[in-house]
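The chain contents come next:
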Amino acid sequence: MSAKSHPQMAPPPPPPKPNKTGAANTTTPYETYAANGNGTYTANGNGNGNGSASGSRSGSISSLTDNQGSLQRHSQNVNGRSTCHTPPRTDREQVVMTPKGKTANSTVILIERKLVDEINERVHVAGGDHTGIIINKDTVSGQKSESVPAQLSLEFRVFLVSANTGKHSQESRTLRFWFRQWLRSDEKQAQIAQDFFKELVSPKDFPRDYVGFIKKIMKLLQRGYDEIQSLEIELRILEETAEPPSRPPRDGYIIYCYGDCNRKFEEALLAQRKTVSLEESQIESPPLTPEKVLELIEQAYPNPITPEDLAKDYGWEEQDVLLVFMSLKERGLIKSMEYNSYTRIHHEDKEIKVVKQMPTIASNKQPTIAIITAQYCEKLAVDAMLENKETFVRYTTVGESNVYTLGNIGAHRIVSTKLPSVGSTREAMTATGNTTTRLLGTFQKVDYVFVVGVAGGVPHYTDFKKHVRLGDVVISYVDKQRALLSKNEKPYVYIYKSGEDVKTYFPINDSLQQIAEGLQANMEVKRPWDTYQREGLASLMQKTESDFNRPSVNTDKLFMNIGNNEVIEVAHPIAMDSVDGVPRSRLHLGPIGSGRDLVRSDNSRMDFAKKYGLLATDVEMSSVLDSIIGNCRESFILVKGISDYKDGMSTRKWQNYASLAAAAVVKSIICGMDAPTNV
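- As annotated in an unreviewed UniProt entry, the chain carries the name DED domain-containing protein and is attributed to Ceratitis capitata.

Written out as structure tokens, the structure reads:
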């Protein structure tokens, strides 16, 4: 989805109404236009950029306007107007839809607010519950764009399949917005569009046919969203094949049909019952592959792991698992330990010291900063930022093994560690808490704790400045605007939800957050983390087979769940600071959260994020933060690179790059700290 604003220009006046006469413009009856499947209509109020039309395209305008009883929603405001702003003469305004043009693969429709005396006679005027909606019966062609550029545009894509021919296609739908002259805030314009979009595609009542989808757009606009002056809708077929087009990388994808939609929808429901749902697929046994086994070994690191344990945990045959272990060992990726266990071979393995207890460290070399990671790639990325490194591993067959890497960032002594396991199970939460407690007990001069790694971003569909996308970095921070509005609410930088229980976290000393705020404020002109990331990448490329380069921008796909295990693909807001078409990574400051059941439900997670103003969600770190606070550490911060739109763990493609991006920002924060005085 693209969102584009023009802050240097004053909001333009309403776009001119289409010219209805003249040799250059040809007119055709709208009913014919709609019967060909390219009609989109207009309604009162604020349009938004993400309508994915669904269902039968053979419906005509009369089915929308004459069947007054089909829509049950009633306007809460007078004539669909919000109470915040009442521009002059809105009581005499109507919303008019005019077809602008049509080609072999595209259609453009103009929707605008007009005063009653500006409307011609060749229209269909709706009554009853649809009062205020007017459909122009003439098509105006030859007018490709308005004289004033749109202030905001939104794009989304839907998959279509013809029930009659069986052909599949993908359709792009773009909405271009012009706002009222009194709405001058770019941020508010983007928020209005996003709110409309989310309500439009809400899983609670997402329409399953084309006419129903248009009806919903009309009713949403009629009952509110008064801030929109006019909008233009463009529908464009991108590809048509005998086979389905590229689909979202998950179970289920949205199909919009035209033709016999009822039959097609029943077939889709029947097929869906025969397949594993998204929620079920997350708890079924994954296939046994070398990549999956290596991933599990890395997750357990530094704990050794046995083929027997993996076979028991994942329902695999132990002999098959052992064969995979042997294959990984031959490739030099893992090594055998005692008691038939194995562990990951670190790229600096020859320099790692295996100890039963940590040796005594001189007072002036004691670390004052601890960095905690949860994934193997996160630990590699953090260690790439350190100088004069020395790594110790304490292996044990009882309890948790520990890995500590000591090094420097500038004048600061650092210790980094990796949690042996993370998750919502009692065992995992106990292990992470114990590992953190042992870390702070072993290195008692640590005053500052960084929790660093990957997380899932919370997207914003209309404002690129607020849009958290893959490769960006989110830093745990108080939502200041929320804090001002909710004075009775305790501030928080992290929030954890378990069932109905919610727990918040906030550092007593927020000096790390203040440094991060300074970095973000100057990121348009000064970006030290870019340099640190390049240096870290160069170091890792020489030492490890893992790829920490930025994945292709085309792999950053954004989908929205609309219920019934179906999704629509949404384009990203257009970044104003792209370099050669690649958006620059951005720093975001705001709360981060996690919850026991959130990973399984997109809707629950997004509702949770909206309720608490979250910018990212991650695997559960509450036990780590409990341990930090319980050990009287007053300053902590979470720095998370965005690797997916869930919790950072649903796909590995962006994890390495996101880990390195987060580590580079951590180094930037540490370099902004005062030199330690307690050593």
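There's more to say after this.
Re the nonpolar core
Point 1. Among the nonpolar cores identified, the biggest contains 74 residues, and Phe443 and Tyr494 are the most heavily contacted of them.
Point 2. With five residues, helix H3 (residues 186-200) is the single largest residue contributor to this core.
Point 3. Residues lining this core come from more than one domain, with at least three contributed by each of domain 1 (93-140 + 149-241) and domain 2 (414-551 + 587-672).
Point 4. The contacts of Phe443, once residues within four sequence positions are left out, are Met358, Ile361, Gln366, Pro367, Tyr404, Leu406, Val415 and Arg633.
Point 5. Within the second largest apolar cluster, 45 residues are counted, among which are Ala381, Ala516, Trp529 and Ala664.

Quick word on the confidence of the model for the chain
Point 1. Mean pLDDT over the chain stands at 74; residues scoring 70 or higher make up 70%.
Point 2. Segment residues 271-283 is flagged for pLDDT under 50; beyond a separation of four residues in sequence, or across chains, it makes 17 contacts in the model.

Comments concerning the packing of helix H7 (residues 290-300) against helix H9 (residues 318-330)
Point 1. The contact between H7 and H9 brings their axes to 10 Å, and the two run at 80 degrees. Relative to H9, the element H7 is oriented roughly perpendicular. Residues Pro290, Val293, Leu294 and Ile297 of H7 pack against Val324, Phe325 and Leu328 of H9.
Point 2. Residue classes in the contact of H7 with H9 are distributed as seven nonpolar, no polar and no charged.

Here we look at helix H13 (residues 511-521)
Point 1. Looking only at H13, the buried set comprises Leu512, Gln513, Ala516 and Leu519. Buried residues along H13 cover an arc of 115 degrees about the axis, so they all sit on one side.
Point 2. Structurally, H13 contributes buried residues whose contacts are with strand E16 (448-457), strand E17 (473-476), helix H14 (528-543), strand E22 (587-590), strand E25 (635-644) and helix H17 (655-671).

Details of unusual backbone geometry
Point 1. In the segment running from Tyr301 into Pro302, the intervening peptide bond is cis, with an omega of 10 degrees.
Point 2. Of note, Pro302 is situated in the loop between H7 and helix H8 (307-314).
Point 3. Phi is positive for Tyr339, close to 60 degrees, though the residue is something other than glycine.
Point 4. Tracing the backbone shows Tyr339 in the loop between strand E9 (334-336) and strand E10 (342-344).
Point 5. Among the residues examined, Tyr339 registers a relative accessible area of 62% and is labelled exposed.

About the criteria used
- Residues numbered from 1 in each chain as written.
- Predicted model: local features only at pLDDT ≥ 70, side-chain atom pairs only at ≥ 80, totals over all residues.
- Heavy atoms only, no water.
- Core = buried A, V, L, I, M, F, W, Y, C linked by side-chain atoms within 4.5 Å.
- Buried < 20%, exposed > 50% of the residue type's maximum accessible area, 1.4 Å probe, protein only.
- Helix = DSSP H or I, 4+ residues; strand = E, 2+ residues; numbered from the N terminus.
- Domains from an automatic or database assignment.
- Contact = heavy atoms within 4.5 Å.
- pLDDT = per-residue confidence, 0-100.
- Axes fitted to C-alpha atoms, helices over the stretch in contact; angles between N-to-C directions.
- Parallel < 35°, antiparallel > 145°, perpendicular 65-115°, else oblique.
- Nonpolar A, V, L, I, M, F, W, Y, C, P; charged D, E, K, R; others polar.
- Arc of directions from axis to C-beta.

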